[in-house]
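# Structural overview
Okay, here's what each chain looks like letter by letter:
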Amino acid sequence: MTAPMLISLEVNGECVDAHVLPRLNLADFLREHLKLTGTHIGCEHGVCGACTVRMNGEIVRSCLMLAVQTHGASVVTIEGLSDSGEIADLQAAFRDRNALQCGFCTPGMLVAAQDFLKQETEPDRERIREHLSGNYCRCTGYQAIVDAVETTARARMGRKP
Amino acid sequence: MKVASTNPDGLTVLDRPNSYIGKVVPRPNLERLMQGRGLYVSDMELPRMAHVVFLRSPHAHAKIIGIDAIEARHMPDVIAIVTGKELATVITPWVGVLSHLKGLKSAPQHAIAIDRVCWQGEAVAAVVATSRAVAEDAAEIVRVEYEELEAVTDMRTALNPETPMIHPSLGDNLAFERNLDAGSVDAAFAESDEVVEADFIFGRHTGVTLEPRAVVADWNVAEQRLTIYQGTQAPHMVQNIAALHLGLTDSQVRVVCKDVGGSFGIKVHI
């Protein structure tokens, strides 16, 4: 099984058809074939979380998925979440709290944080930390990131931060 | 001093260039980083760019008896397989000393090992191909024959006469020594009411950035100029070192540093 395979999927709302090698992972497909380089590759074995994307509504490590596994799926990357405005408030909270330095972890962190915010209605710091525990940040430390997610959760609940 | 309020644009003293003092100013790069629209080195792709994978030593100390890359060289999409001897014709060895640490010793280090490897993970060959995946495939079929030598890994026995010298040209295994004499230690212990002894063992530690190291280098043969795109924290040092070891003038080397995914001191190096 080494010949290219045809896949059809939806990426950030657009239909994509591509011939890909079966061994190509989703992160490389997004970055190299679609030039969506906001999905970062840190560890390439599912530990650091920098490559986190949304697939069919669930967050996945794109370095641990093969591109052929996304046939028929809907994938949303950081570029899609940014352009749709879905995480504009979360990004504003990250900016206000300076919850990033080098920014390499940030796309994955935002995708994972948005997944938390969609599931949880209570801005519980322990739950935020648990949900983001698969995303490494090496510069800032997690305090500001947790603060930004908590602030966003409170704002979305209609409370004052 | 009274600030004139006749400015038709409604500008005030706070709009002067120094008015940032005391203000919180959001960093201008945050938006692109948060939208996944930064430009880290591995996001770059130049036309007809090749990828290199380094075949690395599994041994901490070994002689390189031979490198058989004939089969790998003939794989489709493999551009070149370069050994240490071949690379040494275009790049001089690096000596890693620091001017502010007088007496620090460092044996000349080739970009790729020649005849002998001195640590586990030292590069023994560079595999260049049209993609990283092909380069990794080719690296798997390069055969390197080693003769293992005794590894020196324990600081406490490194200076014993029976311990092999890793770099005989340095005279011993001591890279650097700094003595701090703050008074008579023996006397202080002798006069103490009680002396507590403990051994402390420290693990190796280093900066661990989330972005791995990455370099894209573009040699323009017509202009005789090298452009290096690197995630580094010291572009001028990279320019200087690259020029020095490649036999170029500084003005032939341009180092471009865009977004860097963490440096922590380790990305001053090439």
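Conventions and cut-offs
- Residues numbered from 1 in each chain as written.
- Chains lettered and ligands numbered in written order.
- Predicted model: local features only at pLDDT ≥ 70, side-chain atom pairs only at ≥ 80, totals over all residues.
- Helix = DSSP H or I, 4+ residues; strand = E, 2+ residues; numbered from the N terminus.
- Rg over C-alpha atoms; globule rule 2.2 N^0.38 Å.
- Buried ≥ 20, exposed ≤ 12 C-beta atoms within 10 Å, placed from the backbone.
- Contact = placed C-beta atoms within 7 Å.
- Axes fitted to C-alpha atoms, helices over the stretch in contact; angles between N-to-C directions.
- Parallel < 35°, antiparallel > 145°, perpendicular 65-115°, else oblique.
- Left-handed = near helix turned anticlockwise from the far one by under 90°.
- Domains from an automatic or database assignment.
- Nonpolar A, V, L, I, M, F, W, Y, C, P; charged D, E, K, R; others polar.
- Arc of directions from axis to C-beta.
- Pairing = 2+ DSSP bridges.

### Details of the overall build of chain B
Secondary structure summary: chain B contains 6 helices and 9 strands in total. Computed over the C-alpha atoms, the radius of gyration of chain B is 26 Å, more than 25% above the 18 Å expected from 2.2 N^0.38 for a compact globule of 270 residues. Expressed as a percentage of its 270 residues, the buried residues of chain B come to 19%. Considering only contacts in chain B between residues 6 or more positions apart, those separated by 24 or more positions represent 70%.

### Thoughts on the environment of Phe54(B)
Residues and elements named next belong to chain B. By secondary structure assignment, the location of Phe 54 is in strand β1 (residues 51–56). Note on Phe 54: 16 C-beta atoms within 10 Å, which makes it partly exposed. In the structure, Phe 54 is positioned 27 residues away from Ile 81 in sequence and 9.6 Å away in space, judged by C-alpha atoms. Setting aside its immediate chain neighbours within four residues, Phe 54 contacts Ala 123 and Ala 126.

### Observations concerning the environment of Ser57(B)
All names here are of chain B. Note on placement: Ser 57 falls in the loop between β1 and β2 (62–68). A tally of 20 C-beta atoms within 10 Å means that Ser 57 is categorised as buried. With 63 residues separating them along the chain, Ser 57 and Gln 120 place their C-alpha atoms 5.4 Å apart.

### A look at the packing of helix α3 (residues 88–96) of chain A against helix α6 (residues 143–156) of chain A
All names here are of chain A. In contact at an axis separation of 8 Å, α3 and α6 are set at 135° when each is read in the N-to-C sense. The angle between α3 and α6 places the two elements in the oblique class. α6 is crossed by α3, and the crossing has right-handed handedness. Seen from α3, the contacting residues are Asp 89, Leu 90, Ala 93 and Phe 94; seen from α6, they are Ala 148, Thr 151, Thr 152 and Ala 155.

### Thoughts on the domain arrangement of chain B
Residue and element names in this part refer to chain B. Domain assignment breaks chain B into domain 1 (41–99 + 107–152) and domain 2 (213–270). Taking only C-alpha atoms into account, the centre of domain 1 sits 20 Å from that of domain 2. In this complex, domain 1 contributes 9 residues to the contact, which on the side of domain 2 involves 9 residues. The residue inventory of the side of domain 1 that touches domain 2, partitioned by class, reads 7 nonpolar, 2 polar and no charged.

### Focus on the domain arrangement of chain A
All names here are of chain A. Annotation of chain A at the domain level lists domain 1 (5–81) and domain 2 (87–156). Its C-alpha centre places domain 1 at a distance of 22 Å from the equivalent point of domain 2. The partner domain 2 presents 13 residues to the 14 residues of domain 1 that form the contact. Elements that contribute at least two residues to the side of domain 1 that touches domain 2 include exactly β3 (52–55) and α2 (78–83). When residues of the side of domain 1 that touches domain 2 are assigned to their parent elements, the largest contribution, 3 residues, is made by β3. Here the side of domain 1 that touches domain 2 is composed, by residue class, of 7 nonpolar, 6 polar and 1 charged.

### Focus on α3(A)
When α3(A) is considered as a whole, its buried residues turn out to be Leu90(A), Gln91(A), Ala93(A) and Phe94(A). Viewed along the axis of α3(A), the buried residues span an arc of 160°, placing them on a single side of the element. Packing partners of the buried residues in α3(A) comprise α4 (106–119) and α6 of chain A together with α1 (30–34) of chain B. Asn98(A) occupies a position one or two residues after α3(A) and carries a positive phi of about 50°.

### A word on the interface of chain A and chain B
Contact residues are listed per partner, giving 24 residues for chain A and 18 residues for chain B. Of all the secondary-structure elements, those providing two or more residues to the side of chain A that touches chain B are α2, α3 and α4 of chain A. Considered class by class, the residues forming the side of chain A that touches chain B number 12 nonpolar, 9 polar and 3 charged.

### What about the sheet that holds β1(B)?
All names here are of chain B. The 3 strands lie next to each other as β1-β5-β3, forming an open sheet whose pairing is antiparallel. Each of the sheet's edge strands pairs with one partner strand only, and the pair in question is β1 and β3 (78–83). The mean inter-strand angle of the sheet, taken between neighbouring strand axes irrespective of direction, is 20°. Bridge count between β3 and strand β5 (residues 123–129): 5 bridges; the pairing is antiparallel. Looking at the pairing, Val 82 lines up with Ala 126 of β5. Along the sheet, helix α4 (residues 132–140) makes contact with β1, β3 and β5, crossing β1 at roughly 25°.

### Concerning the pairing of β5(B)
Both faces of the sheet carry side chains from a regular strand, because those side chains alternate between them. Residues and elements named next belong to chain B. A large share of β5 lies buried, amounting to 6 of its 7 residues. Pairing geometry for β1 and β5, over 6 bridges, is antiparallel. Bridge pairing in β5 places Phe 54 opposite Ala 126.

### A word on the sheet that holds strand β2 (residues 14–20) of chain A
For sheets, the rule is that strands pair by backbone hydrogen bonds, running either parallel or antiparallel. Residue and element names in this part refer to chain A. Taken together, 5 strands build an open sheet; the order of strands is β2-β1-β5-β3-β4 and the sheet is mixed. Looking at which strands have only one partner, the edges of the open sheet turn out to be β2 and β4 (58–61). Averaged over all pairs of adjacent strands, the angle between their axes in this sheet comes to 40°, without regard to strand direction. Two elements, strand β1 (residues 5–11) and β2, share 7 bridges in a ladder whose sense is antiparallel. Each bridged residue has a counterpart across the sheet, and for Val 11 the counterpart in β2 is Glu 14. Running at roughly 45° to β3, α4 makes contact with β3 and β4 of the sheet.

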